[in-house]
Amino acid sequence: MKVNSQRDISFKGFYNNKALKKGLEFAADNGALFAATATLTLSMFARPASIWLAPHTDKENKRVACAKSIASSLAQFGLTFLLSKPVVNAVEKINKNPEKYLKKSTLQFMDIVNKAGKSKQYEFATQMFKLGVGFVVAIPKAVLTAACMPFVLQKIFHRHDKPHNENKNVSFKGKGNEKLAKGLGKILDSKGMQEFSEKHKDSNFVMHMVAATDALTTAMFINETYKSDKIEERRKKALIYNAGISTGLSIISGYIVDRLLDKPTQKFIEKFKKANKGLPNLEKQVEGIKIAKPILLVGAIYYMAIPFISTFLADIADHNPKLDIPHKNAKKSHSTST
């Protein structure tokens, strides 16, 4: 009986853990930055370890794959940190004073008078703004990843290729959270946004955003890698196949596992609510669970399970002449010779 009692206390203590609650609130407040932070942690340690464990794979291809992982996560974290804060602050302004930024019809439709952030429609719409930052970051992230890879290879993996030094001082000057809050308020007031929120409020929106962002990022990275003059031509093939295979496998398996974990997640939420009944931030923490689940799930698959497989398959593709990728200057050379 004494042992069972201790287990109950320990189990309940997990649901009351302060670090867990803070992490869930972080996910609810800024899902894009939460995803970037999780990505940074996994890509700096878990993914390189998984890549290096891939059997019968060229060591240089492993180095390039690791460099891509590290450069990508650093670019994503930096850009997301800069771009997400203004959006989060603007949404917080609307949360605290919805009557100031929204029409009465919007307040009634989304049922947020004196309880901003509690209705499904409003929760969906505001999370779309915040998670949308990750989607917006996808294109510049891909450009920066391809540009930073030679630097990472040189500094971390001690490659002696001279990186192409480009001083790209990216500066983001805020134009004021007030203007942004008013702009987001106008979007929330629009009939199209309200109809969209009503239609998709119960959808697996977070998972869709994660998948769309990953797909766009990978497509842009492949394009930038193909055009890059800083990455060795003989390494591009394995790198491109690795990125494509990794993303494809992670998205497909992510949806499958996410669906399988629906019931366990719901049980977790019920126990979490019971253990924290009456807390003022309970709804926000529950929202954080729903956001963190697909982000951590896809992150674990992409950065831990998939690299072992994709690095091995990419290396096979790299040594298969039938899967050669045309040199980016091939057409140009051909037209010149004729």
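Residues numbered from 1 in each chain as written. Predicted model: local features only at pLDDT ≥ 70, side-chain atom pairs only at ≥ 80, totals over all residues. Heavy atoms only, no water.

**Remarks on the overall build of the chain**
- A tally of helices and strands in the chain yields 14 helices and 0 strands.
- In the chain, the order of α-helices and β-strands from amino to carboxyl end is α-α-α-α-α-α-α-α-α-α-α-α-α-α.
- The burial tally for the chain puts 44% of its 338 residues in the buried class.
- Put simply, 81% of the contacts in the chain that link residues at least 6 apart link residues at least 24 apart.
- As displayed, the chain has an accessible area near 18,700 Å², and 60% of this comes from carbon and sulfur atoms. (Helix = DSSP H or I, 4+ residues; strand = E, 2+ residues; numbered from the N terminus. Buried < 20%, exposed > 50% of the residue type's maximum accessible area, 1.4 Å probe, protein only. Contact = heavy atoms within 4.5 Å. Areas by Shrake-Rupley, 256 points an atom, 1.4 Å probe, with all protein chains shown as cover.)

**Remarks on the pattern of salt bridges**
- Under the definition given, this model contains 11 salt bridges.
- The shortest N-O distance in the salt bridge between K284 and D29 comes to 3.0 Å. Pair noted here: K284 is in helix 13 (residues 282–318) and D29 is in helix 2 (residues 18–29), with a separation of 255 residues, a long-range link.
- Residue K284 is classed as partly exposed on the basis of its relative accessible area of 27%.
- Looking at D29, the relative accessible area reads 26%, which means it is partly exposed.
- The salt bridge involving K120 is made with D202; its shortest N-O contact spans 2.9 Å. Of this pair, K120 sits in helix 7 (residues 120–155) while D202 sits in the loop between helix 9 (191–200) and helix 10 (205–227); the two residues are 82 residues apart in sequence, bridging distant segments of the chain.
- The class for D202 is exposed, based on a relative accessible area of 55%.
- Among the charged side chains, a network of salt bridges with common partners joins D258, R259, D262 and K293. (Salt bridge = Lys/Arg side-chain N within 4 Å of Asp/Glu carboxyl O.)

**A look at the confidence of the model for the chain**
- A residue-level look at the chain finds 77% of positions with pLDDT of 70 or above and a mean pLDDT of 78.
- By mean pLDDT, the top-scoring element of the chain is helix 12 (residues 262–275) (93), and the lowest-scoring one is helix 14 (residues 330–337) (45).
- Contacts of residues 159–174 to residues separated by more than four positions or lying in other chains number 15 contacts, the stretch itself having pLDDT below 50. (pLDDT = per-residue confidence, 0-100.)

**Structural notes on a nonpolar patch on the surface**
- Taken together, M44, F45 and L74 make up a surface patch of nonpolar side chains, about 310 Å² in accessible area.
- Among the structural elements, L74 can be located in helix 4 (residues 59–96). (Patch = residues over 30% accessible without salt bridge, like charges linked within 9 Å, V, L, I, M, F, W, Y side chains within 5 Å.)

**Focus: the environment of G244**
- Of note, G244 is situated in helix 11 (residues 233–260).
- Apart from the residues lying within four places of it in its own chain, the contact partners of G244 are T218 and I222.

**A word on the packing of helix 8 (residues 177–189) against helix 9**
- Relative to each other, helix 8 and helix 9 sit at 70 degrees, their axes nearing to 5 Å. Accordingly, the angle class assigned to the pair helix 8 and helix 9 is roughly perpendicular. Contacts between helix 8 and helix 9 pair I187, L188 and D189 from the former with K191, M193 and Q194 from the latter.
- Residues belonging to the contact of helix 8 with helix 9 are distributed by class as follows: 3 nonpolar, 1 polar and 2 charged. (Axes fitted to C-alpha atoms, helices over the stretch in contact; angles between N-to-C directions. Parallel < 35°, antiparallel > 145°, perpendicular 65-115°, else oblique. Nonpolar A, V, L, I, M, F, W, Y, C, P; charged D, E, K, R; others polar.)

**A look at the environment of S197**
- Within the secondary structure, S197 is located in helix 9.
- The exposure class assigned to S197 is buried, which follows from its relative accessible area of 0%.
- As for S197 and A125, which are separated by 72 residues in sequence, their C-alpha atoms are 6.0 Å apart.
- Dropping the residues within four chain positions of it, S197 is found in contact with M110, Q121, F124 and A125.

**Some words on helix 8**
- With 13 residues, helix 8 should reach 18 Å at 1.5 Å per residue; the first-to-last C-alpha distance of 18 Å fits that figure.
- Looking at helix 8, one finds that the buried residues are A181, L184, G185, L188 and D189. All buried residues of helix 8 fall inside an arc of 145 degrees around its axis, so they share one side. Of the exposed residues in helix 8, the ones pointing more than 90 degrees away from its buried face are K179 and K186. (Expected span 1.5 Å × (residues − 1). Arc of directions from axis to C-beta.)

**As for the packing of aromatic side chains**
- In this structure the tally under the stated criterion is 8 aromatic pairs.
- Between F77 and F81, the ring centres sit 6.3 Å apart and the planes meet at 20 degrees, which makes this aromatic pair stacked. With a gap of 4 residues between them, F77 and F81 both fall in helix 4, about one helical turn apart.
- Accessibility expressed as a relative area gives 27% for F77, which makes it partly exposed.
- In this structure an aromatic cluster arises from ring pairing among F14, Y15, F268 and F272. (Phe/Tyr/Trp six-rings, centres within 6.5 Å; stacked < 30°, edge-to-face > 60°.)

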